[in-house]
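Residues per chain are reported as follows:
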Amino acid sequence: ASRCCFSALCRPLPVTFHRAFDMTVDLPQALEVLISLGIERVLTSGGESTCLEGLPMLARLIEQAGDRIIVVPGGGISEKNLDRILSGSKAKEFHGSCRSGMPSKMTFRNTSISMGAALHPAEFVSKVTDERRVAAMLDVARYAC
């Protein structure tokens, strides 16, 4: 009963379970556990690195869930692959970061060092939500419905 307390503490807000779900050994069984706990949504890539790779499992989970929980595909979704993911999984919702790189506004740049390892992300670029990508994904989703 104590494992239900977290979900109860969140009420009246709905609870979405994180992609940690993808790390479980048996996704269909883990889905049933989330349903038994009263979780409303689960964010998943179908147990793979991206939704395209996990598309068969996403479709299976969505069918298994029926109207008992909302399975939300998330992981590697873009305006270029959203239609395929929605049509292949029959998902009603999706999650995407819609990020793009934006140049830093820093005026001084010490390019002789990096703040990370040899293979590092760009020091002077920030990842931000791109409203053009959001609009493009919404257009794809509307067309898919």
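Our structure's up above, just so we're on the same page.
Residue indices begin from 1 for each chain and proceed along its sequence in written order. Local features in this predicted model are restricted to residues whose pLDDT is 70 or higher, and side-chain atom pairs enter the listing and the counts only when it is 80 or higher, whereas totals over whole chains, interfaces and linings include all residues. Only hydrogens and water are removed before side-chain values are computed, so all heavy atoms of the structure are retained for them.

Enquirer: What is the right way to look at the overall build of the chain in this model?
Expert: Each helix corresponds to a stretch of at least 4 residues labelled H or I by DSSP, and each strand to a stretch of at least 2 residues labelled E; elements are numbered beginning at the N terminus. What the chain contains, in helices and strands, is five helices and five strands. Helices and strands in the chain line up, N terminus first, as α-β-α-β-α-β-α-β-β-α. For 145 residues, the compact-globule formula gives about 15 Å, and the C-alpha radius of gyration of the chain, at 19 Å, lies well above that figure. The principal-axis extent of the C-alpha atoms belonging to the chain is close to 55 × 40 × 30 Å. Burial classes follow relative accessibility: with a 1.4 Å probe on protein chains only, a residue under 20% of its type's maximum area counts as buried, one over 50% as exposed, and anything between as partly exposed. Across the 145 residues that make up the chain, the buried fraction comes to 32%. Of the contacts formed within the chain by residues at least 6 apart in sequence, a portion of 63% connects residues at least 24 apart. To be clear on the numbers: accessible area is Shrake-Rupley with a 1.4 Å probe, and residue cover counts the displayed protein chains and nothing else. Working note: accessible area of the chain is about 9,700 Å², and carbon and sulfur atoms make up 59% of it. Considering the chain, the positive charge centre built from 17 side chains and the negative charge centre built from 15 side chains are found 4 Å apart. Only the C-alpha atoms count toward the radius of gyration. The rule for a globule is 2.2 Å times the residue count to the power 0.38. Contacts between residues were defined by any pair of non-hydrogen atoms, one from each residue, lying within 4.5 Å. For the purpose of charge, His is not counted, nor are the chain termini; Lys and Arg are scored as positive and Asp and Glu as negative. Working definition for charges: the position is that of NZ of Lys, CZ of Arg, CG of Asp or CD of Glu.

Enquirer: Looking at this structure, I do not really get the pattern of salt bridges. What am I missing?
Expert: A side chain of one charge can pair with a side chain of the opposite charge if their charged atoms are brought near each other. Between Lys or Arg on one side and Asp or Glu on the other, a salt bridge is scored when a side-chain nitrogen of the former is within 4 Å of a carboxyl oxygen of the latter. As enumerated under the stated definition, the model contains seven salt bridges in all. Between Arg133 and Glu79 there is a salt bridge, with its nearest N and O atoms 3.1 Å apart. Here Arg133, found in helix H5 (residues 131–144), pairs with Glu79, found in the loop between strand E3 (70–73) and helix H4 (82–89); they are 54 residues apart in sequence, far enough to count as distant. Ionic pairing is found between Asp130 and Arg132, a salt bridge with its closest N-O pair at 3.2 Å.

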